[in-house]
Protein chains: 2
Amino acid sequence: MAKKKAVDDADGAERPALPATSWAVLGLLSFGEELSGYDLKKWSDWSLRFFYWSPSFSQIYSELKRLEQAGYATSRMVAQETGTRDKRVYRITGEGMEAVRTWAREAPVDPPVLKHGPMLRLWLGHLLEIQQMREVLARHREFAETMRQRAEEDMEGAKANEAWSYPTLTLKWAERYYASERDLAEAMLADIEELERGKRP
Amino acid sequence: MAKKKAVDDADGAERPALPATSWAVLGLLSFGEELSGYDLKKWSDWSLRFFYWSPSFSQIYSELKRLEQAGYATSRMVAQETGTRDKRVYRITGEGMEAVRTWAREAPVDPPVLKHGPMLRLWLGHLLEIQQMREVLARHREFAETMRQRAEEDMEGAKANEAWSYPTLTLKWAERYYASERDLAEAMLADIEELERGKRP
DNA sequence: CGCTGATGTTTCTAATAGAAATACTTCTAG
DNA sequence: CTAGAAGTATTTCTATTAGAAACATCAGCG
């Protein structure tokens, strides 16, 4: 007998246990639109990118298949008007809606995952010249400011639509988050300069 | 003929291209101590955890093998005093030292990777009750404050040692980072309360 | 007419995460 | 005094995730 991992939710329904990425994809569908894998990639690059992953196509397409298998989404082929390639579009089902809702409400609050390459480099400061540390921090600062601006711009675009009020809030959060990243880089730069002054008085 | 991916560094030496995790492990060894896989796991949980990954044992052990293969580390078996199990300890080689140094100095500054589960949940606010949003944010706030405190404590411990001055700086950064995360959660909570007031005036 | 770029999907490989198995020892509470 | 929990130490297995590349079609542009 093939064992399928499953969890029993508070509402008693047994549902397959899915990884975070599946929920993210299903979450994108939960706004109600009928979307292709390609659309989903674009949407996630657009909004989720600021605080959650940039999924690869391969993952999106395989998640979609899994979601359809699980009965959380249905798909149909769409022949495009102007002769462009046919595509398969997905729509969330009632069951899928119920499943994401349950997940969003009841999943444990896991800590965010952070992999901060620039900090890893600076942590190895004993291998660097001060000039290289400045360089790493300057580039990171620049990156943070760029992301901050984009979050701000995207927020302006999202504000208009009533349905996007929560995404708008998270964009606001992102705008502040990247502002903070920028300032933290600045502060660390100052710390490094001070440390350096202390070494050669 | 087996093709091996390799990169030519600025100094002309051809070195195997390694993933970030390898560099992190080699970075841990670059402080000069002779360490076992188990030790490395503990050290990384201790210091790297605040801004970079918590590696799994399986990864650490396989990275160590790869590093030894590449000539960046050597190992020897150590019989333990009090009858506890023998262990294999690793030490960085001159070549390894040169390789991490080059990596730390010359690798491109990649953007940090963030997967913020709590934000993903709130982004799906249309599926939640306000009470559940408060809950998610409160837990996240708590997590951030705990991490902030730990970073602060660890920094106190690291400050004493001259060799740890750069790790100390990154712990200081981490302390500020988690303070900011905590405050950002607070701010978003306020935003949500305001949004809610606006919905039912 | 060939080039670039956008849409759209699939395939492959490598990297990463995480649990669990194995093995031995020391500490601790009943 | 002893069973069980917790610490040290490593390996194996599986699933998830990342990323490049291949494949395919068409629109617009010079």
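The following refers to the structure shown. Note that this is a predicted model, so its numbers are computed, not measured.

Topic: the interface of chain A and chain B
Each partner contributes residues to the interface: chain A has 66 residues there, and chain B has 66 residues. Both sides together, the interface formed by chain A and chain B hides about 6700 Å², and carbon and sulfur atoms give 70% of it. Among the residues chain A hides against chain B, the three largest losses belong to Arg-121, Trp-123 and Tyr-166 of chain A. Together they make up 14% of the total. Taken together, chain A and chain B are joined by 6 salt bridges. For Glu-129 of chain B, the salt bridge goes to Arg-105 of chain A, with nearest N and O atoms at 3.5 Å. Remark: the boundary between chain A and chain B carries 18 residue pairs in polar contact (both at pLDDT 80 or more). Secondary-structure elements contributing two or more residues to the side of chain A that touches chain B are α1 (20-29), α4 (94-106), β6 (113-115), α5 (117-123), α6 (130-159) and α7 (165-199) of chain A.

Description of helix α2 (residues 37-46) of chain A
Every buried residue belonging to α2 of chain A is among Gly-37, Asp-39, Leu-40, Lys-41 and Ser-44 of chain A, and all of these are buried. Looking at the buried positions of α2 of chain A, the neighbouring elements they touch are α1, β3 (35-36), α3 (57-69) and β5 (87-92) of chain A.

A word on the relation of the copies chain A and chain B
You can overlay chain A on chain B at an RMSD of 0.1 Å; the transform is a turn of 180 degrees with a shift of 0.0 Å along its axis. Seen this way, the second copy is the image of the first under a two-fold rotation axis. For chain A, the smallest separation between a C-alpha atom and the rotation axis is recorded for Leu-114 of chain A, amounting to 2.4 Å. Both copies present the same face, since 100% of the interface residues in chain A are matched by interface residues at the equivalent positions in chain B.

Let's talk about the sheet that holds β3 of chain A
Adjacent strands of a sheet form backbone hydrogen bonds with each other and so pair up, either parallel or antiparallel. All names here are of chain A. Read across the open sheet, the 3 strands follow the order β3-β5-β4; overall the sheet is antiparallel. Each edge of the sheet is formed by a strand with only one pairing partner; in this case those strands are β3 and β4 (73-78). Of the strand pairs in this sheet, β3 and β5 are connected by 2 bridges, and their pairing is antiparallel. The residue bridging Ser-36 from the neighbouring strand is Val-89, located in β5. Its contacts with the sheet put α1 on β3, β4 and β5, and the angle it makes with β5 is roughly 90 degrees. Across the sheet, α3 touches β4 and β5, and the angle it forms with β4 is around 120 degrees.

Observations concerning the packing of α7 of chain A against helix α7 (residues 165-199) of chain B
The N-to-C vectors of α7 of chain A and α7 of chain B enclose an angle of 155 degrees; their axes lie 9 Å apart at closest approach. Considering the angle they form, α7 of chain A stands roughly antiparallel to α7 of chain B. In this structure, the crossing between α7 of chain A and α7 of chain B has a hand that is right-handed.

Reading the values: rules and limits
Residues numbered from 1 in each chain as written. Chains lettered and ligands numbered in written order. Predicted model: local features only at pLDDT ≥ 70, side-chain atom pairs only at ≥ 80, totals over all residues. Heavy atoms only, no water. Contact = heavy atoms within 4.5 Å. Buried area = accessible area lost by both parts, 1.4 Å probe. Salt bridge = Lys/Arg side-chain N within 4 Å of Asp/Glu carboxyl O. Polar contact = N/O pair within 3.5 Å; in protein donor to acceptor, adjacent residues only side chain to side chain. Helix = DSSP H or I, 4+ residues; strand = E, 2+ residues; numbered from the N terminus. Buried < 20%, exposed > 50% of the residue type's maximum accessible area, 1.4 Å probe, protein only. Least-squares fit on C-alpha atoms with pLDDT ≥ 70 in both. Pairing = 2+ DSSP bridges. Axes fitted to C-alpha atoms, helices over the stretch in contact; angles between N-to-C directions. Parallel < 35°, antiparallel > 145°, perpendicular 65-115°, else oblique. Left-handed = near helix turned anticlockwise from the far one by under 90°.

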